[in-house]
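An overview of the molecular structure
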Amino acid sequence: ILNVEQSPQSLHVQEGDSTNFTCSFPSSNFYALHWYRWETAKSPEALFVMTLNGDEKKKGRISATLNTKEGYSYLYIKGSQPEDSATYLCAFWGSQGNLIFGKGTKLSVKP
Amino acid sequence: EAGVAQSPRYKIIEKRQSVAFWCNPISGHATLYWYQQILGQGPKLLIQFQNNGVVDDSQLPKDRFSAERLKGVDSTLKIQPAKLEDSAVYLCASSAGLAADNEQFFGPGTRLTVL
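Residues numbered from 1 in each chain as written. Chains lettered and ligands numbered in written order. Predicted model: local features only at pLDDT ≥ 70, side-chain atom pairs only at ≥ 80, totals over all residues. Heavy atoms only, no water.

**Some points on the nonpolar core**
All names here are of chain A. Core analysis: the biggest nonpolar cluster contains 24 residues, and Leu33, Trp35, Phe48, Leu75, Tyr88 and Leu107 have the highest contact counts within it. Listing elements by their share of this core, those giving two or more residues are strand S2 (10–14), strand S3 (19–24), strand S4 (32–38), strand S5 (45–50), strand S7 (62–67), strand S8 (72–77), strand S9 (86–93) and strand S11 (105–110). When residues in this core are grouped by element, the largest group, 4 residues, is from S9. Discounting residues that sit within four places of it in the chain, leucine 33 has contacts with Cys23, Phe25, Phe48, Val49, Met50, Leu66, Ser73, Cys90, Ala91 and Phe92. (Core = buried A, V, L, I, M, F, W, Y, C linked by side-chain atoms within 4.5 Å. Buried < 20%, exposed > 50% of the residue type's maximum accessible area, 1.4 Å probe, protein only. Helix = DSSP H or I, 4+ residues; strand = E, 2+ residues; numbered from the N terminus. Contact = heavy atoms within 4.5 Å.)

Below, the structure written as structure tokens:
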């Protein structure tokens, strides 16, 4: 059974704090790693799709790194803002041919 | 560009009743997915279509769930009869193709409560 683990499960930070989350996935038969942000009452929105070992992607204050050999990805948020409050999901695409999601990290940013 | 549309947004039914959800993907997207997200869990793939053909339905409980995409555009997901454990958010997503690096675009979901 393929397993995708995310930690922490939830996180409470103050506005301006920087934070990071971890996604662990199988290190074999890797095809892609997706990160999504899901705000309450909205649609999940893709942040990054990563395919290359060592890749680092950035979108504004959010960045992600990928290590396919050891099976982990980090998501970083610099200077958290209240609008960053959401659940962050990672999903692994392996030889099974579709996405397997982790349970997500729920981030709350207090003003 | 219009996003993925889903309806209804919320549905409350009693157990053993039937329910249907509708999804309209982004125009031109050949691949359509239905996911089930139970509270506290990540989304789980139920069924994946490529145009009007089923690519993967290995996790669809076929004794009570059915889905179709007859003309390769809109899709419906049906539950008949519903059980308490079917309470979840049902997400529809679409992508341009089947490749692993194709971004998936999600609808807002249908929140189903089975009493």
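There is more to say after this.
**Structural notes on the state of the cysteines**
Between two cysteines, a covalent bond joining their sulfur atoms is known as a disulfide. Summed over all chains, the structure comprises 2 disulfides over all chains. The disulfide that involves cysteine 23 of chain A links it to cysteine 90 of chain A, with 2.0 Å between the sulfurs. Negative torsions about the S-S bond denote left-handed disulfides, and the value of about 75° found for cysteine 23 of chain A with cysteine 90 of chain A makes this one right-handed. Of this pair, cysteine 23 of chain A sits in strand S3 while cysteine 90 of chain A sits in strand S9, and the two are 67 residues apart along the sequence. In this model cysteine 23 of chain B forms its disulfide with cysteine 92 of chain B; the gap between the sulfur atoms is 1.9 Å. The sign of the -70° torsion about the S-S bond sets the cysteine 23 of chain B-cysteine 92 of chain B disulfide as left-handed. Note that cysteine 23 of chain B is positioned in strand S3 (residues 19–24) and cysteine 92 of chain B in strand S9 (residues 88–95), a separation of 69 residues in sequence. Classification of cysteine 92 of chain B by relative accessible area gives buried; the value is 0%. (Disulfide = S-S within 2.5 Å.)

**Section: the interface of chain B and chain A**
The interface of chain B with chain A comprises 23 residues on the first partner and 20 residues on the second. The contact between chain B and chain A buries some 1600 Å² in all, and 61% of this surface belongs to carbon and sulfur atoms. The largest share of the area that chain B buries against chain A comes from Pro43, Ala100 and Phe106 of chain B, three residues that together contribute 32% of it. Summed over the shared surface of chain B and chain A, the result is 0 salt bridges. Applying the counting rule to chain B against chain A returns 6 residue pairs in polar contact (both at pLDDT 80 or more). For the side of chain B that touches chain A, the secondary-structure elements that each account for two or more residues are strand S4 (31–37), strand S5 (44–50) and S9 of chain B. (Buried area = accessible area lost by both parts, 1.4 Å probe. Salt bridge = Lys/Arg side-chain N within 4 Å of Asp/Glu carboxyl O. Polar contact = N/O pair within 3.5 Å; in protein donor to acceptor, adjacent residues only side chain to side chain.)

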